[in-house]
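# Observations on the model geometry
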Amino acid sequence: MVISGYMVDVLRRNIFKGRIFVENGTIVDIMPAEDVNNIYIVPGLIDAHIHIESSMITPGRFAQNAVRFGVVATVSDPHEIANVCGIEGVEFMIKNAQKVPFKFYFGVPSCVPATPFESSGAVLSPEDIAYLFDEYGLKYLAEMMNFPGVVNQSPDVMAKLKVAIDRNLPIDGHAPGLTGEPLNEYIKAGVDTDHECTTLAEAEEKISLGMKILIRDGSAAKDFEELYPLIDLYPDHVMICSDDFHPENFSSSYLDRFIRVGKDKGLDFWNVLQAMTVNPISHYKLDVGLLQKGDPADFIVVDDLKRFKILQTWINGELAFDGNNSFDYIPEPINLNNFNASEIISDQIHVPATGSTMNVIQAFDGQLFTEHIICKVEEENGFCVSNLDDDILKLVVLNRYDHNAEPIVGFIKGFNLKNGAIASSVAHDSHNIIAVGVSDDDIVSAINAVVVNKGGLSVAKNNKIELLSLPIAGLISDESVEVVASKYLKLDNLTKQNGSLLKSPFMTLAFMSLLVIPKLKLGDKGLFDVTKFDFVDLCNK
């Protein structure tokens, strides 16, 4: 196979007319030429950190869509499905990914469960981590979220790090706001990346100590606007990642947009391209081509370097996207879940008003961080109730793994719902059921719809239910991204019609139980102050 065009050599930072010769999936030669096609041939793009499960589709379906946007590989953490189904979940992701011509580089989840302060569906021990590395040749230890455990040298945490260190493998970090000596201890333990930075100062401190920074811009957390100067300031220390990318966003764009956004920001084209090609390949030792002789034939064809419209995507010399269609993917029956929750009734989410004020979660659009605010209790018949005027709504978490579990109730500000309720079995990181709403009846209806279907997203209002079913681990579907995105958007629009002003209310809701990102969150065991790593009462006596 021979393709001619303008060769974009990211290593030498040079563009030249040439022909590329491919045999058996490998670039065997690149020759200068004069008479070439008016197209640009560019190394394929790589997402440096993403949880495939957040797109709510299988790896095979994910790859079908990713190649449309010039993405040939991902560094993927199967942490979400591991928290639900353990080793079996990780193995499902690996085996499903093997069915398609795409380069998935899975890491071994390091924090299953993420914390001991909530109920998860599985535990991955240091021995389990060693098994996954050795059995499947996985490339890195995925994000070590238990940074207090690292700093305090918890034996179990240090044993997990040692498994990766003994194999000379990278260790991904997760250290929001960590600074000073604790940060230094975290890095000295072997952690070498972080994707949780939200300010330049935080990122520059971590870079100064030897860390690589992954600039995150997904559906929930959008840090590119704040951190993009790093790309030109520290071009060898920066990568770009999505982390969590919901189907409605993923169906319409992906990493290709950063070439265009980078140009608008005045960034050096080569530095942006390096962040999505050279840097992840070098750091994670990926077997992905960089348009060099002897490399795997992984490259994309674009119309020009400004619009960066993807005309073709090639992976290992195979045409994965022809400008109109991606490769074929044939779904097969999948029976994988861990769901034992029982339906609930309204009485179970009534909370006695035991004080005049209460601890409330303040959510922010586009952020995983929350604030811990103190609000006056709105009381009715001796119970705490929502206060629509002040946007204080009831938040409920139900353990999905125990059919005898009682729901846990908190309150949250920031959703602005005026009617109805929403619920989801996508609730980081243990993926219990989480719901927010105006009335107890609607909250219960939304939760029970998820319970009955053993996973999914729901909107309830006045005894009417709309549902997106997620039958695989209560997290994903094997339908196409277009189908899932359409169903998701219907729920998203209904939620906004019911008053929510959030850009992505379901994504924001999914992180309100993530007990490893400050400040106040709600888990299935209670209201949790992340800054103190301890539970707090709802009401202040």
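What comes next is a walk through the structure. Just so we're clear, the structure is a prediction, and the values are computed from it rather than from any experiment. For every chain, the first residue of its written sequence is number 1, and the numbers climb from 1 along that sequence. The predicted nature of this model means local features are confined to residues of pLDDT at least 70 and side-chain atom pairs, given and counted, to a pLDDT of 80 or more, with totals for whole chains, interfaces and linings taken over all residues. Side-chain numbers come from the whole structure's heavy atoms, not from hydrogens or water.

## Brief notes about the sheet that holds strand E7 (residues 103–106)
Our working definition: Any two strands between which DSSP finds at least two bridges are classified as paired. Only runs of H or I of at least four residues qualify as helices and only runs of E of at least two qualify as strands under DSSP, and these elements are numbered from the N terminus. Lines fitted to the C-alpha atoms define the axes, with helices restricted to the stretch that makes contact. Angles between their N-to-C directions range from 0 to 180 degrees.
The strand order E5-E6-E7 describes an open sheet built from 3 strands, whose pairing is parallel. Two strands lie at the open edges of the sheet, namely strand E5 (45–50) and E7, each paired on one side alone. Between one strand axis and the next, the sheet turns through 15° on average, direction left out of account. Sheet topology note: the strand E6 (residues 71–76)/E7 ladder contains 4 bridges and is parallel. The residue of E7 that forms the bridge with threonine 74 is phenylalanine 104.

## Section: the nonpolar core
Filter applied, for reference: As used in this record, nonpolar core signifies buried Ala, Val, Leu, Ile, Met, Phe, Trp, Tyr and Cys residues forming a set joined through side-chain atoms within 4.5 Å. Any residue under 20% of the maximum accessible area for its type is buried, any over 50% is exposed, and the rest in between are partly exposed; the area is computed with a 1.4 Å probe on protein chains only. For this analysis, residues touch if any pair of their heavy atoms sits within 4.5 Å.
Counting 178 residues, the largest nonpolar core has Tyr254, Phe415 and Ile447 as the members making the most contacts within it. Each residue touching tyrosine 254, except ones within four places of it in the same chain, is listed here: Asp47, Ile50, Phe62, Ala66, Phe69, Val71, Thr74, Ser242 and Phe245. Listed in part, the 13 residues of the second largest apolar core include Leu291, Ala297, Val301 and Trp314.

## Observations regarding unusual backbone geometry
Each neighbour pair has its own omega, and for valine 112 with proline 113 the value is 0°, a cis peptide bond. Within the secondary structure, proline 113 is located in the loop between E7 and helix H4 (126–136). In the segment running from histidine 428 into aspartate 429, the intervening peptide bond is cis, with an omega of 0°. Turning to its location among the elements, aspartate 429 is positioned in the loop between strand E22 (421–424) and strand E23 (433–437).

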